[in-house]
Amino acid sequence: MFKRLILIFILGFSVFYGSAQQVRSAKSAEIFREIKTLKHVPKVLYLAAHPDDENTGLLSWLINQQNVETGYLSLTRGDGGQNLLGTEQGAALGLIRTHELLEARKLDGAQQFFTRAIDFGFSKNTDDTFKQWDADSITADVVWVIRKFRPDVIICRFPPTAAAGHGQHAASAMVAEKAFKAAADKTMFPNQLKYVDVWQPKRLLWNTFRFGSTNTTAENQFKVTVGQYDAQLGMGYGELAGLSRSLHKSQGAGTQSVAGVRTEYFSHVLGVPAKESLFDKIPYNWSEKGIDNIDELIDIILLSFDYNHPDKSLHGLLMLRKRIAEIQDQNLKRDKLAAIDQIILSCTGFMGEVVTNQAEAIAGNSYNFRLNLISRSATPLVLEQINWINQIDRVNKRIAGDSLMTIERKIQLPANAALTEPYWLENAAKNAATFSVANDTLIGMAETASKLHISIVLSIENEKFNLQLPLSFKKLDPVKGDVVEQLRIVPAMDLSFAEPVYFAKEKEDLKLTLRLKANKYINYGKISFKIGNSIIKTFTGINLAENTITVKDFVLSADDLAKIKTSQNKLEVIFASEGNEFTKGQVLIQYPHLPSLQYFVPATTWLLKGDVKVLAKKVGYIQGAGDLVPEFLRQAGLQVDILAEADVLNSVKLATYDAIVTGVRVVNTEKRIKNWQTALKGYVENGGTIVMQYNTTQDMALQDFGVYPFNISGKRVTEENAVVKFLNPKHKLLNYPNKITAEDFNGWIQERGAYFPDKWDDKYEPLFEMNDTGEETLKGSTLYANYGKGHFVYTPLAFFRQLPAGNIGAARLFFNLISVGK
């Protein structure tokens, strides 16, 4: 058991101090902080609903000033949020936000946890939230994290009331209260007790706040002062918090680094109230825990710590390690041994990595790797043993001081090595609100350690340390320098459709484009297209060279398409070769601030057929934060040009377009749009059509961006099946070229829309009325106005979600909007 704990520790160590693929020493100031944390036994768990909900200022203070082990439990991975970086939505966005959160944790030092809950988008109250989330399932996940992490103090970011501002926020507080009580109850979720013991935290607090006009703080609440300057950090905790929060780049969450102290307020919820300290009536150090001779050893190590030569503390740390190994409290021993092993290895100046020169690999194949090891300690560090997956070498050789040891070896990967992807995306989600995790013990983890690694045994003064070094890809990037990332296991073949949606027209053939990635030679492959249980068409004799990406067209004839009787169809593709079937495509996400992220999705697309008309032929698109609407329009047969500034300011060129469409959040992300307003208004006045998708009130380039004034609000309709009333059923936009009916609003996903205008000039005509259950009706979902000879439409309806999802009703309505001038 002890050996396994060391292995688990070292992977965590590598995450927080350098690349997740290297074991690398911490800086001296960080080592000193970790030694101070060794002395303190309390733990704090901060709990909220989403990435970027956490109070990074408080986390930074708890870890760096109070020196207590602290974690953040985000119920979701932020899958339902917006994306300012690109077109990723849903699971892909959740993966991005997970790793942005992990990057933030590297700065503030907290641990990171999640439940299986999926962020399904904005909800207005807890009733709406728990229609989606299974309260018992989410509570079980939180109880699991509490029992495993064993916090003494739990702090909620939000209250269980409307003051939380979001149904999922309030739900997080409700779940926290249930879990606080259930974690100590043996009758609650007893299946967990095979792995963990019950645990009762001392107190549950609500970290009250001032958000905008909402102030939930009060002077009679418990208070602590945070934000102090820390000379070892070279900044205050508020400044560190600003840097940490600004790593949520997909959310545009750049935050000021504010210097100076401030007060944090807390309202008591459950347990023993805090009067003097967050840790009242909680043993704060080993002596208060009734364990002798440890605080004194730590004090001696701290007093003699040499920032230039941390290895001078090794002898004392090894003595301390032996003393901690003698204590009876198994949970405390496990945690503190993991922490001190991290500290000891950092003091040696150790670095270890196992690298190859290619990013992707196939299970069962063999690849050349380099094991690189180095120590910068006067105390000898001995490499005793290497487990190369399929062979053990007994080495018993000292790693020379500050001299790189390199051992080259060809390693055959296990034939059953799993594909590299996040554990929560390995299986199809249970539903739209809960991930499916096959191994329950993984619940709560931000990510799993690499399953492909070599094991080494090191010794220092005859004390043994077991380490896992993950198999990694390393390259020299001309801009970034060394890049070390996880070796990605991929299938021998993966495939995907080039477009998320295809349109089948009456009595016409349809060309489907596939991206075929062959990671080994494929001989005489067979491709079948399938809807439901029916094979539509099969193509044979497909040969692909090794390590190639082929873009290939396949044609479904009009006769093939005639077999399809429904208007909205999920089309699957299956590639068969040598008795193997391949049905998934790789999703590879790469942004400069994140490691490469990979997962696999079924190779499917939407095939739409039926009564869908569009009269616009040529569309200009002004990009916003990123969406897939241009690709959708191209599949419908339209010419879509992405407009640059020179295009927008060229009235002659603009006049050639049937419609101009603006991407989501264009007013928030494209600051030059304020200089384009005259040209765009002139285009409409001369007979053009502009369709503008939603914008938010945050960081707007200009306020007046319509042809007539209107005001954006935060109002939205989150119920995707909310009833839609047509205010003027005879309006051209609802009849031409497609007759729009209530059925066109069936099957929408996540929401109707957000940031509806709440005030507008009388020259605008609202087309629809809708509302969430029990709330006021809203008319700002689509505004239309004539302006000169042309047409202007502002629509915060969530077309950017519906169109790539193949919603045929949303397509019919959108085609009407861009065809209004024809």
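Quantities reported herein were computed from a predicted structural model and do not represent experimental measurements.

Draft legend 1. Representation of helix 11 (residues 330-347) in the model. Here helix 11 contains 18 residues, and its C-alpha end-to-end distance of 25 Å stays within 8% of the 26 Å for a straight helix at 1.5 Å per residue. Most of helix 11 sits out of view: 15 of its 18 residues are buried. For helix 11, the N-terminal cap is Asp 329; the gap from its side-chain oxygen to the backbone nitrogen of Asn 331 is 3.2 Å. At the C-terminal side of helix 11, Gly 349 shows a positive phi close to 70°.

Draft legend 2. Highlighting the sheet that holds strand 12 (residues 262-271). Across the sheet, 7 strands lie side by side as 4-3-2-5-6-12-9; this open sheet has mixed pairing. The open sheet has two free edges, formed respectively by strand 4 (111-114) and strand 9 (222-226), since each of these has just one partner strand. Here the strands of the sheet are splayed against their neighbours by 30° on average, with no regard to which way each runs. Sheet analysis places strand 9 next to strand 12, joined by 5 bridges and oriented antiparallel. Within strand 12, the position partnered with Val 224 by the bridge is Glu 264. Along the sheet, helix 6 (residues 135-149) contacts strand 2 (43-48), strand 3 (69-74), strand 4 and strand 5 (153-156); its crossing angle with strand 2, the most-contacted strand, is approximately 165°. Helix-sheet contacts for helix 7 (residues 167-182) involve strand 2, strand 5, strand 6 (203-208) and strand 12, and the interaxial angle to strand 12 is about 50°.

Draft legend 3. Here's a closer look at the environment of Phe 632. Along the chain, Phe 632 falls in helix 13 (residues 629-635). We classify Phe 632 as buried; its relative accessible area is 1%. Each C-alpha atom, one on Phe 632 and one on Leu 803, is 6.8 Å from the other, the two residues being 171 residues apart in sequence.

Draft legend 4. Main features of empty space enclosed by the protein. One pass over the structure, following the stated rule, counts 3 cavities of 30 Å³ or more. Its boundaries defined by the atoms lining it, the largest cavity holds a volume of some 80 Å³. Along the wall of the largest cavity there are 13 residues; nearest its centre are Gln 82, Asn 83, Gly 626, Val 664 and Phe 800. Here the residues of the lining of the largest cavity sort into 4 nonpolar, 7 polar and 2 charged. Lining of the second largest cavity is provided by Gln 677, Leu 680, Lys 681, Val 684, Ile 690, Met 692, Phe 705, Gly 706, Val 707 and Phe 792. Counting residues per element, the ones that place at least two in the lining of the second largest cavity are helix 17 (673-685) and strand 37 (689-692). Per-element tally for the lining of the second largest cavity: the top contributor is helix 17, with 4 residues. Tallied by class, the residues present in the lining of the second largest cavity amount to 7 nonpolar, 2 polar and 1 charged.

Draft legend 5. Summary view of the pattern of salt bridges. Enumeration over the complete set of coordinates arrives at 41 salt bridges. Residues Glu 219 and Lys 223 are paired through a salt bridge, measuring 3.9 Å at the closest nitrogen-oxygen approach. Overall, Lys 223 belongs to the partly exposed group, its relative accessible area being 35%. Its salt-bridge partner being Arg 672, residue Glu 645 comes within 3.7 Å of it at the nearest N-O pair. Here Glu 645 is found in helix 14 (residues 645-648), whereas its partner Arg 672 is found in the loop between helix 16 (666-669) and helix 17, with 27 residues between them in sequence. Judged by its relative accessible area of 27%, Glu 645 falls in the partly exposed class. Arg 672 gets classed as partly exposed once you look at its relative accessible area, which sits at 36%. Each of the salt bridges in this network shares a partner with another, and the network as a whole consists of Asp 611, Lys 613, Asp 744 and Arg 812.

Cut-offs and rules
Residues numbered from 1 in each chain as written. Predicted model: local features only at pLDDT ≥ 70, side-chain atom pairs only at ≥ 80, totals over all residues. Heavy atoms only, no water. Helix = DSSP H or I, 4+ residues; strand = E, 2+ residues; numbered from the N terminus. Expected span 1.5 Å × (residues − 1). Buried < 20%, exposed > 50% of the residue type's maximum accessible area, 1.4 Å probe, protein only. Polar contact = N/O pair within 3.5 Å; in protein donor to acceptor, adjacent residues only side chain to side chain. Pairing = 2+ DSSP bridges. Axes fitted to C-alpha atoms, helices over the stretch in contact; angles between N-to-C directions. Contact = heavy atoms within 4.5 Å. 1 Å grid on protein atoms, 1.4 Å probe; cavity = no way out; pocket = protein on both sides within 12 Å on 5 of 7 lines; lining within 4 Å. Points joined across faces, edges and corners; volume = space filled by probe spheres on them. Nonpolar A, V, L, I, M, F, W, Y, C, P; charged D, E, K, R; others polar. Salt bridge = Lys/Arg side-chain N within 4 Å of Asp/Glu carboxyl O.

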